[in-house]
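Observations on the model geometry
So the chains spell out like this:
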Amino acid sequence: MDFTMDRGQWSGRGAFVLAAAGSAVGLGNIWKFPYLAGEHGGGAFVLVYLACVAVVGVPVMMTEIMLGRRAQRNPVAAMAHLAREAGASSAWKLVGVMGVVAGAIILSFYSVVAGWIIDYLVRAATGSFAGLDPGGAEAALEGLLGNPHEQALWHSVFMLLTMGVVACGVMRGLERAARIMMPALAAIMLVLTGYGLAQGDMGRALAFMFAADFTRISPQTVLAAVGQAFFSLSLGMGAIMVYGSYLERHILIARATIYVACADTAFALLAGLAVFSIVFAHGMAPASGPGLILKTLPVAFGGVPGGALLGSLFFLLVVFAAWTSSISIAEPGIAWMVENLRLGRGRACVIFGALVWVLGIAALLSFNLWQDVKLFGLSIFDALDYLASNILLPVGGLLIVVFGSWVMRRTHAREELPLGERWFGVWRFAARYVAPVGVTLIFLNVTGLLG
Ligand code: TRP
């Protein structure tokens, strides 16, 4: 196979860091992190989460970037190539195949949720939240979930946005999107945090997220924190691997990883503070899951002067965050279709996008017309989420980190990670022992094998 083809590259380290941070900062940061923190002891969870990012997230991310950068190929071809180089079984390429499949599945329901957010952006901008009470917000959400046409419309729009960027290639698509949206994201985040500080109840938000109640740390807390660190940093399906494959040889992986992990964590913490200061200022309880953003914030935004603008800004923030993530979820599959199947990028995007779009339609129908269809007792939406997030990602992440630290030759890893002897030893210990044990625990927990 000819891999000398021009596959595109980031223009430099800054572009890579922006794009990888764009991948990491997404729906996971803005609603999931604050709600998990609230449920698992606030500050204690935050502390455990930070530790998980440091001891599991960072070593796994370094490994993914390292594998991609060394191979300079899409994840399927990369794993095949690296296995050959290490004298290991060619079956390792299945890790890449699993990533492509996981990408299609994750993107299908991610796009449906992002579609809800676009819908809410339009509602906020047109002033339809004005004077909304909690009952009204609940009814509005139920109305949306019960309406397949409205959901299908915004899901289609989000898929077009995503595949439109991916079709433009690495520099003119992925990199440009990150260059435009990430600064906008940071600016909107600061405006909202500023608003929370000025008008919201930042004191209670801070107490909620940082007052450490250590009695509430349980094994479940730790497992939830590891799982969240993993999802939030986009690990386990080759998204960060394929981003690493567009990276030049001389760039220092460890430093880039630290920047991305810090940016992702900062966004999660700021999102939590902004959301909760607004929620508390309006005397509302931090509801859980999707309810937090979609049920409480419209009420909060509907009750203040300038709420239409503020609400629009907030949902625009979430759309941007989801958009720079969704392109990274698609990229392993697209790169594989272009490099291995020899399709043009545009055509690959049409085929992959159409497939994911159909899956997404099935997912959104499971809230209404097909709500009685169950797979293993789960709705189609929940089954897709479960299969990808709870099975494919942890298994993929485990295999990636095991390959990089046990199968790949030490000298080769050493070439990619030119750290001091001591730090290289720290990475290798974390990658060989700490991360695999952590990931195995998540896997056993979410599949219910841990009781
Ligand atoms: N990290 C993103 C979020 O927090 C989601 C995401 C993007 C992702 N790429 C991924 C998750 C790859 C797992 C694997 O919303």
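Described below are features of the structure shown in this document. (Residues numbered from 1 in each chain as written. Predicted model: local features only at pLDDT ≥ 70, side-chain atom pairs only at ≥ 80, totals over all residues. Heavy atoms only, no water.)

On the surface, Leu 47, Phe 214, Ile 217 and Val 222 cluster together into a nonpolar patch covering about 330 Å² of accessible area. Its place among the elements puts Val 222 in helix α10 (residues 219-232). What makes Val 222 partly exposed here is its relative accessible area of 33%. (Patch = residues over 30% accessible without salt bridge, like charges linked within 9 Å, V, L, I, M, F, W, Y side chains within 5 Å. Areas by Shrake-Rupley, 256 points an atom, 1.4 Å probe, with all protein chains shown as cover. Salt bridge = Lys/Arg side-chain N within 4 Å of Asp/Glu carboxyl O. Helix = DSSP H or I, 4+ residues; strand = E, 2+ residues; numbered from the N terminus. Buried < 20%, exposed > 50% of the residue type's maximum accessible area, 1.4 Å probe, protein only.)

Core analysis: the largest hydrophobic core is formed by 165 residues, its most contacted members being Trp 10, Phe 16, Leu 67, Met 163, Phe 314, Phe 315 and Phe 352. In contact with Phe 352, not counting residues within four places along its chain, are Val 100, Gly 103, Ala 104, Leu 107, Met 163, Ala 330, Gly 333, Ile 334 and Met 337. (Core = buried A, V, L, I, M, F, W, Y, C linked by side-chain atoms within 4.5 Å. Contact = heavy atoms within 4.5 Å.)

Here we come to the layout of surface pockets. Counted as a void, the second largest pocket has a volume near 340 Å³. In terms of lining residues, the second largest pocket is bounded by 17 residues, among which Ala 54, Val 58, Met 62, Ile 258 and Trp 423 are the most central. Going through the elements one at a time, α3 (43-71), α12 (253-281) and α18 (421-446) are the ones with two or more residues in the lining of the second largest pocket. A per-element tally of the lining of the second largest pocket places α3 first, with 7 residues. (1 Å grid on protein atoms, 1.4 Å probe; cavity = no way out; pocket = protein on both sides within 12 Å on 5 of 7 lines; lining within 4 Å. Points joined across faces, edges and corners; volume = space filled by probe spheres on them.)

Take empty space enclosed by the protein next. Considering all chains together, one arrives at 2 cavities of 30 Å³ or more under this definition. One number sums up the size of the largest cavity: a volume of about 190 Å³. Along the wall of the largest cavity there are 19 residues; nearest its centre are Ser 23, Tyr 110, Phe 231, Ser 234 and Ile 329. Among the secondary structure elements, those contributing two or more residues to the lining of the largest cavity are α1 (13-24), α2 (27-39), α5 (93-125), α10 and α14 (307-339).

Counted by the stated rule, this structure contains 23 aromatic pairs. The interplanar angle of 45° and the centroid separation of 5.7 Å between the aromatic rings of Tyr 120 and Phe 129 together place this pair among those described as tilted. Accessibility expressed as a relative area gives 1% for Tyr 120, which makes it buried. Its relative accessible area of 6% is what places Phe 129 among the buried residues. Joined through ring pairs, the aromatic side chains of Tyr 120, Phe 129, Phe 301, Phe 314 and Phe 315 make up one cluster. Sitting over the ring of Phe 231, Lys 32 keeps its end group 5.3 Å from the ring centre. Between Arg 414 and the ring centre of Phe 424, over which it is positioned, the NZ or CZ distance is 4.6 Å. (Phe/Tyr/Trp six-rings, centres within 6.5 Å; stacked < 30°, edge-to-face > 60°. Lys NZ or Arg CZ within 6 Å of the ring centre and 35° of its normal.)

Any functional reading would require information that these geometric values do not contain.
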